[in-house]
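Below are the chains, spelled out letter by letter.
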Amino acid sequence: MDINVLDIKGQETGRKVTLNENIFGIEPNDHVLYLAVKQYLADQRQGTAKSKERSEHAGSTRKLGRQKGGGGARRGDINSPVLVGGGRVFGPKPRDYSFKLNKKVKVLARKSALAYKAQDNAIVVVEDFNLDAPKTKDFVNIAKNLKVDSKKVLLVLPEVEKNVYLSARNLQKAEVMTASQVNSYKVLNADVVVITENSLKVIDEILTK
């Protein structure tokens with residue numbers, strides 16, 4: 001699959017790049033995409049929810065009433081879950097929601113996500129660029145030139161470019177990542193993926209080892 005290379009003014013450079021068929025041309029696997037997205041979202045969870053159980057509440061352990069004959073539920077001390085202000089039964093505890101996925105599964109998921117974008121013609125290739133200073137206005141102009149300013153954009157760079165990152169940081173619909181950081185969720189979550197020429201080389205190296 002050949003794609004024209006654009007410059008940051010949105011003009012064709014006269015060059016074309018061929019997308020790797022082993023990445024962008026595969027049949028996407030929906031199940032591994034589901035697993036990869038599920039893992040990513042699980043990793044974002046803090047898992048810090050906590051409620052006090054009966055033994056953790058401060059209060060007297062004196063038995064408040066007789067065991068039988070009161071007409072209500074059995075209860076012991078003031079911390080009983082059946083009383084207002086008592087401990088909670090089986091409440092949440094701090095936990096780690098993350099889980100393991102095999103490397104091959106994650107690689108296949110990234111390939112599948114990129115293949116979906118290629119099928120939807122949602123991949124734009126631009127020549128490598130950098131900004132002289134961090135200016136949001138400059139990034140917005142580039143997005144307008146590429147005709148992606150109204151879409152949710154994922155810009156993939158070969159390495160960290162601080163000025164580009166800072167220029168896009170305040171934009172709700174734009175995100176900048178390096179090729180080595182790209183994951184299935186970010187690709188699927190974007191309406192269009194803008195990839196620089198050298199980023200394609202990095203993606204090929206990572207996903208075709």
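Note on numbering: residues in each chain are counted from 1, in written sequence order. Reporting in this predicted model follows two pLDDT cut-offs: at least 70 for local features of residues, and 80 or more for side-chain atom pairs to be given and counted; totals over whole chains, interfaces and linings ignore these cut-offs and use all residues. Side-chain calculation: all heavy atoms of the structure are included, whereas hydrogens and water are not.

Taking an unreviewed UniProt entry as the reference, the chain is identified by name as Large ribosomal subunit protein uL4 belonging to Prevotella jejuni. Regarding the chain, the relevant UniProt record gives this comment under Sequence similarities (unreviewed entry): "Belongs to the universal ribosomal protein uL4 family." UniProt positions are given in the numbering used here, feature names are shortened, and annotations may be inferred rather than shown by experiment. Here the chain is described in UniProt, under the heading Subunit (unreviewed entry), as follows: "Part of the 50S ribosomal subunit."

Visitor: Please clarify how the nonpolar core should be interpreted in this entry.
Guide: It is characteristic of soluble globular proteins that their nonpolar side chains tend to be buried jointly. Remark: nonpolar core denotes a set of buried residues (Ala, Val, Leu, Ile, Met, Phe, Trp, Tyr, Cys) joined through side-chain atoms within 4.5 Å. Only protein chains enter the accessibility calculation, which uses a 1.4 Å probe. A residue is then buried if its area is under 20% of the maximum for its type, exposed if over 50%, and partly exposed in between. Core analysis: the biggest nonpolar cluster contains 27 residues, and F24, V156 and I203 have the highest contact counts within it. The way it works is that DSSP assigns letters per residue, a run of H or I at least four long becomes a helix, a run of E at least two long becomes a strand, and they are numbered from the N terminus. At the level of secondary structure, the elements contributing two or more residues to this core comprise strand 1 (2-6), helix 1 (21-24), helix 2 (30-44), helix 3 (103-119), strand 3 (123-126), strand 4 (153-157), strand 6 (192-196) and helix 7 (197-207). At four residues, the largest contribution of residues to this core is made by helix 3. With residues near it in sequence (within four places) discarded, I203 still touches I23, L114, V156, A179 and I195. Two residues form a contact once any of their heavy atoms are found within 4.5 Å.

Visitor: Whenever I open this one, the pairing of strand 6 confuses me. Can you help?
Guide: It is a general feature of regular strands that their side chains alternate between the two faces of the sheet. The buried fraction of strand 6 amounts to five of the five residues, a majority that puts the element mostly inside the structure. Along strand 6, one buried face is formed by V192, V194 and T196 and the opposite face, lined by V193 and I195, is buried too. As judged from the four bridges shared by strand 3 and strand 6, these two strands associate in the parallel manner. What sits directly across from V126, in strand 6, is T196. As judged from the four bridges shared by strand 4 and strand 6, these two strands associate in the parallel manner. Residue L155 lies in a different strand from strand 6, and its bridge partner there is V194. DSSP calls a pair of strands paired once it identifies at least 2 bridges connecting them.

Visitor: I keep staring at the domain arrangement of the chain and nothing clicks. Help me out?
Guide: Accessible area lost during the coming together of the parts is what is often quoted as the interface size. Domains assigned within the chain are domain 1 (1-44 + 96-206) and domain 2 (46-95). Reported domain spans reflect what an automatic or database domain assignment gives. Domain 1 and domain 2 are separated by 51 Å when their C-alpha centres are compared.

Visitor: Honestly, the environment of G91 in this entry has me stumped. Any pointers?
Guide: Tracing the chain through its elements places G91 in the loop between helix 2 and helix 3. Given a relative accessible area of 12%, G91 falls into the buried group. It is 39 Å that separates the C-alpha atoms of G91 and L171, two residues lying 80 residues apart in sequence. Setting aside its immediate chain neighbours within four residues, G91 contacts S51 and E53.

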